[in-house]
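One letter stands for each residue in the lines below.
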Amino acid sequence: MSMATGATVSDPAAKSGRKKKKVGGGVNTLPLLAPSVGLLLIWMIVPLAMTLFFAFRRYNLLNPMIHGWAGFNNFKYLLEDPALLHSLVVSVILVVGVIVITIVLGSVLAAVFSQSFPGEGIARVLMISPFFVMPTVSALVWKNLLMHPVSGLFAAIARFFGFQPIDWFGQFPLTSIMIILCWEWLPYAFLILFTALQSMDEEQLEAARLDGASVIDIFFNIQLPHLSRAISVTIMIEMIFLLGIFAEIYVTTAGGPGYATTNLTFLIYQRALLAFNVGGASAAGVIAIVLANIVSAFLTRSVGRRLEV
Amino acid sequence: MSHSVAKQRHWVAGTIAWVSALIMFFPIAWMALASFKTEVQAVQTPPLLFFMPTLENYRAIFSEANYLLFAGNSVAISVGATFLTLLVSVPAAFAMAFYPTARTRGLLLWMLSTKMLPAVGVLVPIYLLVRDAGLLDSRTSLIIINTMSNMPIAVWMLFTFFRDLPKDIIEASRIDGANLRQVLVHVLLPLVLPGIASTGLLCIILCWNEAFWSLNLTAHNAAPLTAFIASFSAPQGLFWAKLSAASVLAIAPILIFGWISQKQLVSGLTFGAVK
């Protein structure tokens, strides 16, 4: 149905393109491109400009009497606030920790799954399932059914072996969130790396096996180098999504205890929608945008380098 | 000798693979199990493995929790946003794949870069814009936001599909006497349909699971399932069996979509960088 729409949209444009082709040789693709480019331009520029504007304003939703220019005061207060540095550290720990764990486990599992074994299709489907679970569901399942200190499954297992059950979110809040995130993102790393392995030259592997290379030799000398492109893409994409992790924290710890699990995203949410401090939240937003741009510069470069147009 | 070694390796790999797969799937299976327990059984220690399954929770979800409202919101938002995304992405990807110019590469990379704009960086202005437009707690705002945030991915995914089609197919059919409409409908459409279908599927999955904006911009009327499930995290909402039943219903359709389309999703999930 949607294709029919796409075709009718492109029809007149393609026709006019044909006329032009006779004249100039090029095709006029502007009518086809304009809607998406225009909308994305608005989507990018308007909120960005507003964030920048508010970042230099005194603006609190609860107190409209306070307004006017703040200069760099929002940034000054923010940089003096220990919560900012702490939230940056939490963000980095979450992003780096989850990426390292999922990439390492993901490549090993991708290599394991690339052997043929009984029921591989079903095993693969089970393996990637957590990726499709909505973040609020996975957070609540882990929090209530598995990690709960009284009636969670982990507590029951601990008691069965005679240990004291662990209060996961109380004692190890950041670790607990990382476990949930690894569970959600390991399937992604696995799926991408597994697909990349599938495109490997089967004869090369066979030759290496005949030469007597062990599974471990093959993994480190043939499969891992082949995976380097897929690994770099996986790192960058996970980085984008993990920097913005929100729902898992919102549902499980609400940033606590204290600031233990407050990442930059959650800090901005607290400042903006709980404290209604638009100026301060916008200043933090500017910092988040700058950080994300540093990351995205790497991604667009690494993707762009091998983009065949 | 080497044959038996190969066989043994497969056996070891198979065991490791199956154990890992079962561990990964376990939380989902455990949740599904809990959804058939009574509330008392669900919090019982040690946890029950064998019990008389009940459908009581599922019944309660439909009768008490107004589940259909939230599921309806999820469907409306996902389908609406996916439709709009495809409406603007298909022509753009078609143009860039079939008529590339010197600017196409830059344009694609720029679109990708808008995806890197962190949602939280623009939370404040979007919230204020939505509020001032009177669209807080409305499906419209979420449809628009999901459309915009998925468009770069959709364009990229469609571009990689379209790019791999033979370019001279249009010219060849034109020479054979077909007019442009016939070419588009009878030649191109069947070829691009699978690509459009899997792009649409990825958009639906991303919209369905989107939580940041739905938690921040909806209250009750327009709340999709992600926000509805999150409401169970409130202290008064400790109904774990019902939560499990609601969760199973919320994730089931997307899980099935994901299983069916895992191969096709990869090009969208990596912006076409891995095939």
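Preceding this section is the structure that the text describes.
Residues numbered from 1 in each chain as written. Chains lettered and ligands numbered in written order. Predicted model: local features only at pLDDT ≥ 70, side-chain atom pairs only at ≥ 80, totals over all residues. Heavy atoms only, no water.

A. How the structure looks around the state of the cysteines. All names here are of chain B. As enumerated under the stated definition, the model contains zero disulfides over all chains in all. Considering cysteine sulfurs only, Cys 203 is the nearest to Cys 207, which forms no disulfide, with 6.3 Å between them. Take Cys 207: its relative accessible area is 6%, and that puts it in the buried class. (Disulfide = S-S within 2.5 Å. Buried < 20%, exposed > 50% of the residue type's maximum accessible area, 1.4 Å probe, protein only.)

B. Quick look at the pattern of salt bridges. Residue and element names in this part refer to chain A. Taken as a whole and assessed by the stated rule, the structure comprises six salt bridges over all chains. Note that Arg 271 and Asp 81 form a salt bridge whose closest N and O atoms lie 3.1 Å from each other. Here Asp 81 lies in the loop between helix 3 (73-80) and helix 4 (82-113) and Arg 271 lies in helix 14 (residues 264-274), a separation of 190 residues in the sequence. Its relative accessible area of 18% is what places Arg 271 among the buried residues. Take Asp 81: its relative accessible area is 21%, and that puts it in the partly exposed class. (Salt bridge = Lys/Arg side-chain N within 4 Å of Asp/Glu carboxyl O. Helix = DSSP H or I, 4+ residues; strand = E, 2+ residues; numbered from the N terminus.)

C. Spotlight on the packing of aromatic side chains. Under the definition given, this model contains 35 aromatic pairs over all chains. Judged by centre distance (5.2 Å) and plane angle (90°), the ring pair of Phe 56 of chain A and Phe 72 of chain A falls under edge-to-face. Note that Phe 56 of chain A is positioned in the loop between helix 2 (30-55) and helix 3 and Phe 72 of chain A in the loop between helix 2 and helix 3, a separation of 16 residues in sequence. Both rings, one in Phe 36 of chain B and one in Tyr 58 of chain B, keep their centres 5.4 Å apart while their planes meet at 35°; by these two values the pair is tilted. Placement of Phe 36 of chain B in the loop between helix 1 (2-34) and helix 2 (39-42) and of Tyr 58 of chain B in helix 3 (residues 56-63) is noted, with a sequence separation of 22 residues between them. Exposure remark for Phe 36 of chain B: the relative accessible area of 30% places this residue in the partly exposed category. Of the residues examined, Tyr 58 of chain B reaches a relative accessible area of 12% and is grouped as buried. A cation over an aromatic ring shows up here: Arg 57 of chain A above the ring of Trp 69 of chain A, its NZ or CZ 5.0 Å from the ring centre. Seen from the ring of Trp 30 of chain B, Lys 37 of chain B lies directly overhead, with NZ or CZ sitting 4.8 Å from the centre. (Phe/Tyr/Trp six-rings, centres within 6.5 Å; stacked < 30°, edge-to-face > 60°. Lys NZ or Arg CZ within 6 Å of the ring centre and 35° of its normal.)

D. The interface of chain A and chain B, seen in detail. The interface of chain A with chain B comprises 113 residues on the first partner and 108 residues on the second. Across the chain A-chain B interface, the total number found is zero salt bridges. Along the contact surface separating chain A from chain B lie nine residue pairs in polar contact (both at pLDDT 80 or more). Per element, the largest residue contribution to the side of chain A that touches chain B is 16 residues, and it comes from helix 2 of chain A. A class-by-class count of the residues in the side of chain A that touches chain B yields 78 nonpolar, 24 polar and eleven charged. (Contact = heavy atoms within 4.5 Å. Polar contact = N/O pair within 3.5 Å; in protein donor to acceptor, adjacent residues only side chain to side chain. Nonpolar A, V, L, I, M, F, W, Y, C, P; charged D, E, K, R; others polar.)

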